[in-house]
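Read off the chains here:
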Amino acid sequence: QVQLVESGGGLVQAGDSLRLSCAASGRTFSRHAMGWFRQAPGKEREFVGRISRSGSSTYYADSVKGRFTISRDNAKNTVYLQMNSLKPEDTAVYYCAAGRLDTLLPGRRATEYDYWGQGTQVTVSS
């Protein structure tokens, strides 16, 4: 079982930056691709991006491409989401998720991820 804990959320103004962290327990972190999702009030959970097991490949939703960057440090069992040029539309609870064990490229669907953190709130004021 993998346990994930997000941190780093907060209240910022439009144009500001935030860096979210997701710390993972267990011994299998490097065997999971990692994804980030978000959910705004009244909306469905939305794919943000994912990073491959080694960190060599990343993929982002069009809504955040060019502004957000995912990275990981397998030695620290941690994945990061660097968010720049934040917009009010980015306001949501942000979740990290671990993909299927030993899976090459999980996609955009939440059902492709096995483990989830509790989420961290990001609020961007206009």
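Everything here concerns the structure above.
Thresholds, definitions, all that
Residues numbered from 1 in each chain as written. Predicted model: local features only at pLDDT ≥ 70, side-chain atom pairs only at ≥ 80, totals over all residues. Heavy atoms only, no water. Helix = DSSP H or I, 4+ residues; strand = E, 2+ residues; numbered from the N terminus. Rg over C-alpha atoms; globule rule 2.2 N^0.38 Å. Buried < 20%, exposed > 50% of the residue type's maximum accessible area, 1.4 Å probe, protein only. Contact = heavy atoms within 4.5 Å. Areas by Shrake-Rupley, 256 points an atom, 1.4 Å probe, with all protein chains shown as cover. Disulfide = S-S within 2.5 Å. Lys, Arg positive; Asp, Glu negative; His and termini not counted. Salt bridge = Lys/Arg side-chain N within 4 Å of Asp/Glu carboxyl O. Polar contact = N/O pair within 3.5 Å; in protein donor to acceptor, adjacent residues only side chain to side chain. Pairing = 2+ DSSP bridges. Core = buried A, V, L, I, M, F, W, Y, C linked by side-chain atoms within 4.5 Å.

Draft legend 1. Representation of the overall build of the protein. Scanning the protein from N- to C-terminus turns up 0 helices and 11 strands. Taking 14 Å as the expected radius of gyration for a compact globule of 126 residues, we find that the protein reaches 13 Å, a close match to that expectation. Along the first, second and third principal axes, the C-alpha atoms of the protein reach 40 × 25 × 25 Å. Residues classed as buried in the protein amount to 45% of the 126 residues present. Across the protein, contacts joining residues at least 24 apart in sequence account for 58% of those joining residues at least 6 apart. A total accessible area of about 6,400 Å² is found for the protein, and carbon and sulfur atoms account for 46% of it.

Draft legend 2. Representation of the state of the cysteines within the structure. For the structure on display, the rule yields 1 disulfide. A disulfide bridge connects Cys22 with Cys96, and the sulfur atoms are separated by 1.9 Å. Disulfide Cys22-Cys96: the torsion about the S-S bond is 50°, which places it as right-handed. Remark: Cys96 occurs in strand β9 (residues 92-99) and Cys22 occurs in strand β3 (residues 18-24); sequence separation between them is 74 residues.

Draft legend 3. Geometry of the side chain of Glu6. Checked against the element boundaries, Glu6 lands in strand β1 (residues 4-7). It is Arg45 that comes nearest to the buried, bridge-free Glu6 among opposite-charge side chains, at 7.6 Å. A polar contact is formed between the side chain of Glu6 and the backbone nitrogen of Gln118, at a distance of 3.0 Å. Excluding residues that lie within four positions of it along the chain, Glu6 makes contacts with Ser21, Cys22, Trp36, Tyr94, Tyr95, Cys96, Gly117, Gln118, Gly119 and Thr120.

Draft legend 4. Here's a closer look at the pairing of strand β5 (residues 46-51). Most of β5 is tucked away: 5 of the 6 residues are buried. For strand β4 (residues 34-39) and β5, the ladder comprises 5 bridges, and the chain directions are antiparallel. Of the residues in β5, the one forming a bridge with Phe37 is Phe47. The turn joining β4 and β5, which pair antiparallel and follow one another in sequence, is formed by 6 residues; a positive phi near 75° is taken by Gly42. Relative to strand β6 (residues 58-60), β5 runs antiparallel, the two being bridged by 3 bridges. Each bridged residue has a counterpart across the sheet, and for Gly49 the counterpart in β6 is Tyr60.

Draft legend 5. Representation of the nonpolar core in the model. Within the largest apolar cluster, 28 residues are counted, with the highest numbers of intra-cluster contacts made by Leu4, Trp36, Leu81, Met83 and Tyr94. Going through the elements one at a time, β3, β4, β5, β7 (68-73), β8 (78-83), β9 and β11 (120-125) are the ones with two or more residues in this core. Grouped together as the second largest cluster of nonpolar side chains are 5 residues, Phe37, Phe47, Ala61 and Tyr113 included.

Just geometry here; none of it tells us what the structure is for.
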